[in-house]
Amino acid sequence: MTGPVDIRLTVNGQTREGRCEPRKLLVDFIREDLGLTGTHIGCEHGVCGACTIFYNGEAVRSCIMFAVQAYDAELVTVEGLAEGDKLHPLQQAFHEHHALQCGYCTPGMLIAALDYLKINADPTEDEIREALSAVLCRCTGYVNIVKAVKAGAEAMRQSTAGDK
Amino acid sequence: MKPAKFDYHSPATIDEALAILERYQGEARVLAGGQSLVPMMNFRIASPAAIVDLNRIPGLADIDAVDGIVRIGAMARQRRIEAAPLLRERLPLLSDAMHWVGHLPTRTRGTIGGSIAHADPSAEIPMILQALAGEVIVRSAQRERRIAAPDLFIGPLTTALASDEILTEVRFPEMPTEACYAIEEFARRKGDFAIAAIAVMLIHDGERCTTARFATGGIGPVPVRLREVEAVLEQRGLGEAALAAASDRAAELVDPMSDHNASADFRRHLTAVLTRRAVLKAIKDRPHDRTC
Amino acid sequence: MSEARTTLVGRSLLRREDRRLLTGRGQFIADLEMPRMLHAAFVRSSVPHAYIGSLDLSQAAIAPGVVLALSGADLLQLLPPVPDTQLSLPSKWTSLVQHEFHNPQQPLLAHDKVRHVGEAIAVIVAESGYAAEDAAALVTPELERLPAVVSAAAALQDSAPIIHEQLRTNLLGAFSIAKGNVDAAMAAAPHRLQRQFYHHRYAAMPIECRGVVGLYDLRTDSVTIWSATQVVHWVRREAAAILGLPEARVRCVALDVGGGFGVKGHVYPEDLLIPFLARRLGRPVRWLEDRHEHLLCSAHSRDQLHEVEIGFDDEGRILALSDHFTVDCGAWNPIGAGVPYNTAAHLTGPYKVDHLAISARTAATNKVPNSAYRGAGRPEAAFAMERIIDLVAASLHLEPAEVRRRNMIRPDEMPYRAGIAYRDGEPIVYDSGDYPAGLQQALDAVGGVEAFRHRQREARQHGHHLGLGIGCYVEGTGVGPFEGATVRIDPSGKVYVSTGACAQGQGMETIFAQIVADAWHIIPDDVVILLGDTAGIPMGLGTIASRSTVTVSAAVHHASHRLRQKAFAIAANLLECAPGDLELRDGGVGVVGVPGAVVSLKRLAQAARSGVGS
C-alpha cells in the first residue's frame, strides 16, 4: 500500500489518530498531523538527536522512523513532561542551571537525558557526558547541561512524583 | 530530505515477509531497526519500491543459550542485548560491544540482525561476530542456510545475503568462563563509527596464552579475524616482546581504508596501538585466573 | 522613602525565554502554520561551474500536488534582475583606504550559469514538502560543465576560468592600508621572518537550518516575511526593493531562531524569492532548508591565506609587519568588504607596530559564498599574528609570553592611536586597557609561565609533550553604525521596548528586561520586549558581531532619558511640584523625600492620553 494508512496511538497520555502516507516520518506526523511542534528536526538522518522522543518508554530518533511504525505505540514528547504549569524536575534544573540558549536541541536533550536516568538514576559527570553525546548542541558547550542533569537527577531521586 | 514513496508491508509471519520479498524481485528492502536504512531513504540514496517491516513478526527477538550455543533473534534490539543478563554471563564481549554502538536512543531501535546485514565497515557487531566465530541463519522462501562469519562479509555494505533472504538469527559459541576480553576503539566521539577497532578474547595462564581470538573493525572494508595475530599470542605469550610482535603483525596484515576521517597510514598505526591496548586491557580486567 | 533598590544588571537572572523553550512551546520558523500554506523545494546544481542549457520542468509541473515550477529564466521574465551595484561602503573609509570592489548581484535563481554546487536553478511549489521534493527530483537540468576554480590562488591566475564573466576577473575586491614606512623598516631590521598561514574554511552548522515563510495580503497589498534570520530590517529592505513595494508595506519577522552564529546574518536569495512566490500565488509559501541543503549552500566563512613578513630586533620587538592575504569568498560576496577589513583592522591586536602594510584580495571561486561566522575575520587575524609572534620568540630562543609583553601597548600609552582606519573610516583608537596585566592574569591562572616551562622540561625528559598556547587579541565589537530602541509606557503601566535586535539564543528578552527594569526602577516582569520585527521599529540593523547588548542598551538608555523627561513633566503636573523634585521609585515617579507622594507609571501613561478619561 502506497496510499494513506490510518494511525492510532497514544501521545502524552491521550489517544490520537491520523492518516498519512507510509513514508511520512514519525517526526513530521507528530509535528504536522498532531500539532506537537516541540519535537524538532535538525538533520533528518538520525545524527543530531533534536527529534528524540519516548517510544514505549524508551528514547528513539523520530526522524528515522515512519509514522506507521508507531501504530498502537505510546509516545511521550517534550510537551508531555510538565504537569500543567509545574515543570518536570529536569526541566526545572535546566532552567536553574542555564542549560539552554536557543532551545532548539532542548526537547531532544531532555528526553535523551531522562531516558538515560531511567537506566542510571545517579550518574557521574562522565556518565552524563557520554549520555548527552547522543544530542548535538551548538550553543551551550554542554557544561551547564551536564550540571542541570546532575541536579535534575538528584531532584528526581528525592521526588515521589515518579519518573516519566 | 524526505523519502520517496514506497509500498508498505507489515507481515505477521516470516513466511509472509519472504513471499513479499520474492515478489518484488530485489526492489524491496527489509525494515528492521531502520537506524541505517531510513537515513539512506531520507537522502534518497535508497529508494526501494517496497518496505517489508519485520517489526510486527513475533518470535524474531528471542535470546537463549542451548548446548553451548548462544542464539539471538535477528530483531533483538541492541539496547536489550546490552542489558540481557544471559549475555552478560555467556557472551560478555558482545554485551560490552554494545556500549560502543551508536547512542542509547539508536540502540533502542537498532537490531543485531540489521547491523550485521547492513555490514558497515566500521560497525562493531560484525567485528564481534568475526572475533567469536559466530554465524547467521538466513532464510528465503525456498530454504534456510547458515553462513559463518568469514563467509558473510564480502565488501563495504555488502554481505552474502541475496535480495530475497532475511537474516533471522545470530549464533555464537558461548565464551568460556575463564576467558578475558576487551574492545578498543578509536572514533571521533564515543558512539560514532569506529575509525579503527580491535576486539580480543583470550584464555591465559599468566603470560601463557592458550587461546586467542582477534578481530578488527573500521580499518578495512570488512571486519576481519586475524588468525596470524592469534597465533603470535598463542605461540609467544603475552609478554612485552610478544605484544609488540602481535601489534606489528596486525598492522602488517590489515588492508586499511583512506577516507575523510583518517588516512590508511593512520589506520595502520592505530591498528598497532589498539592491538596492544586491547590485549593489555583484557589481561588487566582478568589478571590471572577468573576462578576466585 | 523606599529602600535602596538592588540593581539587576550584574546579577544572574533566570531566563524568561526558558519556559516556552523547555515545554516545547517555542515558535521556530518550521512551527509556523498557516491555512492553505504551500511548500517550496529547490532544484540545486550538483556541479560547481556550468552554463545552464535547457531546464525541462514539464514533468515536475504536472507532478501530484505541484502548483508552480519556475526556472531562473522564467523568473527573469517575472522579476527584473537586480543590476550589479556599487558596494555600499562608508564614504570616510572609501576616501582613506585604497580599494577596489565589484559587487555582482546573485540572482534569486541562477539563469545563465551555476557557480557553485548547491546553487538553486529552479523552484517547485507544492501542497506538501514531500510532494515538492518528489517533483524536484523529476527535473534534470542540462548543464554544460565548465572547469571549476577551487582555490583562490587558481582563481587569480591569468588563465583561470572567469566566474563572473562581465567582470573579466575573479578578483572581486582588494584594498590596502599602510602606516609608517614598512619597506625601509623591514630592510633595516636585524631579523626578518616570512611565513604563510592558512585559516581553513568554516561552516556554522546551527542545529536549526534556515527557513522562510512568505504571506501576501491582498487587502493591504503588503507582504510579511518570517525568516530564521539575524537581520530582519536588512531582509525587509531588500525584499521591498525587489518586490517594488514601499518598505512600509513589507514586514519581516524573526521568531525563535535555533542558533545563528553569523550564517543567518545576511540576506539570502530564498528570503526574497519566497515572498515573491507568496504574492504571485496568493497563498502563503514556506521553505524549510533541510540539513543536506544547509551543508550544500548555506554560507561558509574564513578560508584565508596570509603571507606574513615580520622584521624584529634582538629583543623580539616588532619593527615592521606586512601581511598580504587572500580570501576565497566563494561564488558570491554577500558581505562585501566587511570580513576582510575586520581582518586587517584587527591584525596588530594588542601590539605596537609602527610600520605596517596590509593588503587583501578577495577572490571568487566555485565554492559556496562566504559570509560572517563568529569573529567574522578577526580570528584569521589573531591566528596570523599570534603564530608569527611565537615564531619570532622561537627564532630568538625567547619566552613567547615575554615577547608578547615587550610588544604590547602599555596602559600608560592609552589612549592609543593605532594609525589605521576602522571599517567606518574613523581612526582606530584604543581608549583603555591593561594588556600586559591581562596576559599576566592568564599566565597566573596556569600557575605562572616559569613554573609551566619547568613542568614542560621535566615532562619532555619522560617523552611527554606538554604545550602552552597563548592567544592575545583585541576585539572591536559593538559595531555600528547604529541600533535603535523605542521605549513606551503603556496605559497598563508596563514598559514596552522594541528594538531591531534579533535573538538566536542570547537571552535578549531577559537581558533587555533587566536593563530596562534598572532604568525605570521596576521589576523585569513589568517590561515587555519586542525583538526581531520590523513592525516594532522602523529602523534597525540586527544581531551580528556581538553588538546587540552594547548598542541596544545604549539606545534604551537614551530613549529612556527622553521619556523620563516627559514622564517627570506629567508627574510634576499631577503632583504639583517641579520636575527637579522628582525621582523614579517603586514603579512610579515620586517626590524626593516625601514617601507618599508618588504616582505610578500606569497613572502617568493614562494621564498622558488626551480625550477619553483615565
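Residues numbered from 1 in each chain as written. Chains lettered and ligands numbered in written order. Predicted model: local features only at pLDDT ≥ 70, side-chain atom pairs only at ≥ 80, totals over all residues.

1. A look at the interface of chain C and chain A
Thinking step 1. The partner chain A presents 29 residues to the 25 residues of chain C that form the contact.
Thinking step 2. The dominant element in the side of chain C that touches chain A, judged by the number of residues it contributes, is helix 1 (residues 18-22) of chain C, at 3 residues.
Thinking step 3. The residue inventory of the side of chain C that touches chain A, partitioned by class, reads 9 nonpolar, 8 polar and 8 charged. (Contact = placed C-beta atoms within 7 Å. Helix = DSSP H or I, 4+ residues; strand = E, 2+ residues; numbered from the N terminus. Nonpolar A, V, L, I, M, F, W, Y, C, P; charged D, E, K, R; others polar.)

2. A look at the environment of B:Ala97
All names here are of chain B.
Thinking step 1. Along the chain, the position of Ala 97 falls in helix 5 (residues 92-98).
Thinking step 2. For the pair Ala 97 and Pro 85, spaced 12 residues apart in sequence, the C-alpha separation works out to 15 Å.
Thinking step 3. Those residues in contact with Ala 97 that lie beyond four places of it in its chain are Glu 124, Ile 125, Ile 128, Ile 183 and Ala 199.

3. What to know about the sheet that holds strand 7 (residues 144-148) of chain B
All names here are of chain B.
Thinking step 1. The strand order across the open sheet built from 5 strands is 4-5-10-6-7, with neighbouring strands paired in antiparallel fashion. Strands at the two margins of the open sheet, each flanked by one partner only, are strand 4 (63-66) and strand 7. For this sheet the average axis-to-axis angle between neighbouring strands, irrespective of direction, equals 25°.
Thinking step 2. For strand 4 and strand 5 (residues 69-73), the ladder comprises 4 bridges, and the chain directions are antiparallel. Across the sheet, the residue bridging to Asp 64 is Arg 71, located in strand 5. (Pairing = 2+ DSSP bridges. Axes fitted to C-alpha atoms, helices over the stretch in contact; angles between N-to-C directions.)

4. Structural notes on the interface of chain A and chain B
Thinking step 1. With 26 residues of chain A at the contact, the number on the chain B side is 24 residues.
Thinking step 2. When residues of the side of chain A that touches chain B are traced back to their parent elements, those giving at least two are strand 4 (58-61), helix 3 (106-119) and helix 4 (125-132) of chain A.
Thinking step 3. Ranked by residues supplied to the side of chain A that touches chain B, first place goes to strand 4 of chain A with 4 residues.
Thinking step 4. Here the side of chain A that touches chain B is built from residues that sort into 12 nonpolar, 7 polar and 7 charged.

5. Side note on the domain arrangement of chain B
Residues and elements named next belong to chain B.
Thinking step 1. Annotation of chain B at the domain level lists domain 1 (7-53), domain 2 (63-173) and domain 3 (180-285).
Thinking step 2. Placing the centre of domain 2 and that of domain 3 at their C-alpha centroids yields a distance of 21 Å.
Thinking step 3. Counting residues at the interface gives 22 residues for domain 2, matched by 22 residues for domain 3.
Thinking step 4. Looking at the side of domain 2 that touches domain 3, the elements with two or more residues in it are helix 5, helix 8 (124-131) and strand 8 (153-155).
Thinking step 5. Sorting elements by how many residues they give to the side of domain 2 that touches domain 3 places helix 8 first, with 6 residues.
Thinking step 6. Taken together, the residues of the side of domain 2 that touches domain 3 break down into 14 nonpolar, 5 polar and 3 charged. (Domains from an automatic or database assignment.)

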